Amino acid sequence: MLQIDHLTTVDLKVSLDNISFLFEAGNIYTILGRTGAGKTELLRALMGLNPLVDGDIKLDGKSLAKRPIRDRDMSLVYQQFINYPHLSVLDNVAFPLRRQGKKKAEAQSLASEILATVGLSEFLQRRPAQLSGGQQQRVALARAMVKHSRILMLDEPLANLDYKLREQLREEFPRLVAGNDDSVILYTTTEPREAMELGNTMIIMNNGRIVASGSPADLFAHPPTKDAASVISDPPISFISGFVRSKALYFGEGQLAPSGGLKLPPDGPVTIALRPDAIEPGGAFNATIGLSEFSGSETIIHLDFDFGRAIMLVEGIHTFETGDALSVSIQAENIMLFAPNGRNITTRTNQDG
Amino acid sequence: MNKFYHTLKTLFLLGWSIFVVFPFLWALTTSFKDANAITSGATYIPWVDFEPSTQGWTSLFTTGSKGINIVGPFIDSAAVTLIASCISLMLGTLAAYGLSRFEYRLGFVKNADITFFFISQRIMPPIVLAIPFFLMLKELGALDTILGLVLVYIALLLPIAVWVMSDFFSGIPKELDEMAMTDGCSPIGAFFRVILPNSVPGLVVAGMFCLIFGWNDFFFAFTLTFTETQLLPVSIVSLNSSVTPWWSLSAFALISVAPLACVAVIVERYMSRGTMSGAIR
């Protein structure tokens, strides 16, 4: 069990701001956030690479804050595929085992086993520079896993790979880290899909703070804050200023918004959040197409309404011209409401509150 | 058009090679000439243009009026240069690593100022340093000794080592050190196990500079020694008499160049920065 209490750092690109969290062994925690959210800083602070100005890190109740990096029982895989260029693939992976005091033959034997797991048995004697990007990252992953550290941290490990390799390694990842039941696995990413696919628990970070945490499905369905909703939504969620008056919901200057099934808050300003699936073609709302782009089997359409811009997702490939008019409907069951302070205040009439 | 440029390039390289190699060819042929062959015009092919003589070479290994024995100065030069270069490289590498990885601040003095301080030692003309060096060595009783010269050469070569290695270390990603520490190394262990093995090209370049500057120095070897210790560049001066012995000077020049040329050939393959590829992508 890894516990962080009031973790605070300063003088870095992003400062960690009083972060506390409890990580249970055997879980994969995906840490989702935009670039500059503080994900890497959190991992570096845990590792001891960034100094703390306040707070503590405890592994099974024992403080790690003052322990040297090498004694923290942690492994880290960087976003950049960092390997030792002067060593062969086999010796790269055996390196941490040799530092643990294992004999060369034993270290190499264990390294071979883990390299077989990541599919690099054929490349044991090659240098990292002689491998492709995906293979280099597998070497880095194997080196991190071979130690069987209590904490395995992966800092956007797929970010520098091309699309195909990223997809492949993403699919393989659960198999690669299977069997680490005593370990806490922390996986940072900027991609909501990756975070939701890989993690048992998802943590959303913004501006050096944890803004939300929970199961991926819960967080996606009920993001606690506007920031969390923004980070977790891909394609992007659209936020439109609105207000509630006399038990009715209005967009912008006063256009009535659908609110069936929503328990509306007291009169006052709100932010209305529209996920792309909240808007469907055909309906009472008139919009102008600002931009239309293909995303594989879907088409993402940016719509300009009188009250603001929102994004609609349509199955299949459709051709729309910029500037064309389009009538759409907005589904109240996919609308979320946020208070001016950013808190999610969406309540459905079939919910308790 | 391509063929034209290829021919032009070949001709240029050929011309440049002749320009570079010719002095050595001239020195080699001259070293096998005697006084008569030297004064009879430009000749290059032994047994055809002139009758070869080993006088130039034998004069470097005999004592007395017929020449000087350069074995002693050669050994002294080699000892001073090697010891000073090794110590400079060792200290310079550690200093450069510290400057590239850690932040130092003493009032307004920061890392860049410390690096400049090292380099500034080479900005001063040698004559400015000669008198203080002379007085200090005299106080230490190290004038005209190998130890004295080694100390002076360390002071002269250390800035070169710090300069070259600082530049090299700044090109090695810090993440490599961090990775080594997460893999179980202490900071000093990370340096010796990971950074140093990946710094061979930098060490070779810095080492070559140290050897070249140390081996070729004349000024300090001349001003800080008298009779007990004599380095190779100084001993060549004693060859001069009423008649300049070009044959001996030429043989001497070739012997002087040979060690550095051999070292350069041996280490040439390490003088590439490509070894860092694969460290980080």
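Residues numbered from 1 in each chain as written. Chains lettered and ligands numbered in written order. Predicted model: local features only at pLDDT ≥ 70, side-chain atom pairs only at ≥ 80, totals over all residues.

J.: Could you clarify how one ought to interpret the packing of helix 2 (residues 89-99) of chain A against helix 3 (residues 104-117) of chain A in this entry?
T.: Think of two packed helices as two axes; the pair is described by the angle between the axes and how far apart they sit. All names here are of chain A. Where helix 2 meets helix 3, the axes come as close as 8 Å, and the angle between the chain directions of the two elements is 120°. Relative to helix 3, helix 2 is oriented oblique. Of the two elements, helix 2 crosses helix 3, and the hand of that crossing is right-handed. Between helix 2 and helix 3, the residues in contact are Val 89, Leu 90, Val 93, Ala 94, Leu 97 and Arg 98 and Lys 104, Ala 107, Gln 108, Leu 110, Ala 111, Ser 112, Ile 114 and Leu 115, respectively. Split by residue class, the contact of helix 2 with helix 3 holds ten nonpolar, two polar and two charged. (Axes fitted to C-alpha atoms, helices over the stretch in contact; angles between N-to-C directions. Helix = DSSP H or I, 4+ residues; strand = E, 2+ residues; numbered from the N terminus. Parallel < 35°, antiparallel > 145°, perpendicular 65-115°, else oblique. Left-handed = near helix turned anticlockwise from the far one by under 90°. Contact = placed C-beta atoms within 7 Å. Nonpolar A, V, L, I, M, F, W, Y, C, P; charged D, E, K, R; others polar.)

J.: Would you explain helix 13 (residues 246-267) of chain B in this entry?
T.: Quick reminder: α-helices carry 3.6 residues per turn. Residues three or four places apart thus point the same way. Residue and element names in this part refer to chain B. The end-to-end C-alpha distance of helix 13 is 32 Å, a good match for the 32 Å that 22 residues give at a rise of 1.5 Å each. Its maximal kink placed at Ala 258, helix 13 deviates by approximately 30°, while the proline Pro 259 follows within four residues. Among the residues making up helix 13, those that are buried are Trp 247, Ser 248, Ser 250, Ala 251 and Phe 252. Looking at the buried positions of helix 13, the neighbouring elements they touch are helix 1 (2-31), helix 2 (35-39) and helix 3 (55-58). (Expected span 1.5 Å × (residues − 1). Bend = angle between axes of the 7 residues up to and from the residue. Buried ≥ 20, exposed ≤ 12 C-beta atoms within 10 Å, placed from the backbone.)

J.: Would you mind showing me how to read the nonpolar core here?
T.: Taken as a class, soluble globular proteins show a tendency for nonpolar side chains to be buried jointly. Formed by 150 residues in total, the largest nonpolar core has its most connected members in A:Val93, A:Ala142, A:Met153, A:Ile204 and B:Ala161. Tallying contributions element by element places helix 7 (residues 146-170) of chain B first for this core, with 16 residues. The residues touching A:Ile204, leaving out its near neighbours within four places in the chain, are A:Leu32, A:Gly33, A:Val211, A:Ala212, A:Leu219, A:Ala228, A:Val231 and A:Ile232. (Core = buried A, V, L, I, M, F, W, Y, C linked by C-beta atoms within 7 Å.)

J.: What exactly am I supposed to notice about the environment of B:Pro46 here?
T.: All names here are of chain B. For Pro 46, the location among the structural elements is in the loop between helix 2 and helix 3. Pro 46 sits in the partly exposed class, given 15 other C-beta atoms within 10 Å. The spacing of Pro 46 and Lys 33 is 13 residues in sequence and 8.6 Å in space, taken between C-alpha atoms. For Pro 46, the contacting residues outside a window of four places in its chain are Thr 29, Phe 32 and Pro 52.

J.: Looking at this structure, I do not really get the interface of chain B and chain A. What am I missing?
T.: How big an interface is tends to be stated in terms of accessible area lost as the parts join. Listed as interface residues are 20 residues of chain B and, on the opposing side, 26 residues of chain A. Element by element, the count of residues in the side of chain B that touches chain A is highest for helix 8 (residues 174-182) of chain B, at six residues. Split by residue class, the side of chain B that touches chain A holds nine nonpolar, seven polar and four charged.

J.: I would appreciate a short explanation of the pairing of strand 8 (residues 184-189) of chain A in the present structure.
T.: Residue and element names in this part refer to chain A. Counting buried residues in strand 8 gives six out of six residues, a clear majority hidden from the surface. The alternating pattern of strand 8 places Val 184, Leu 186 and Thr 188 on one face and Ile 185, Tyr 187 and Thr 189 on the opposite face, and all of these are buried. Where strand 3 (residues 28-32) lies against strand 8, five bridges are found, and the strand directions are parallel. Its bridge partner being in strand 8, Leu 32 is matched across the sheet by Thr 189. Note that strand 7 (residues 151-155) and strand 8 share five bridges and pair parallel. (Pairing = 2+ DSSP bridges.)

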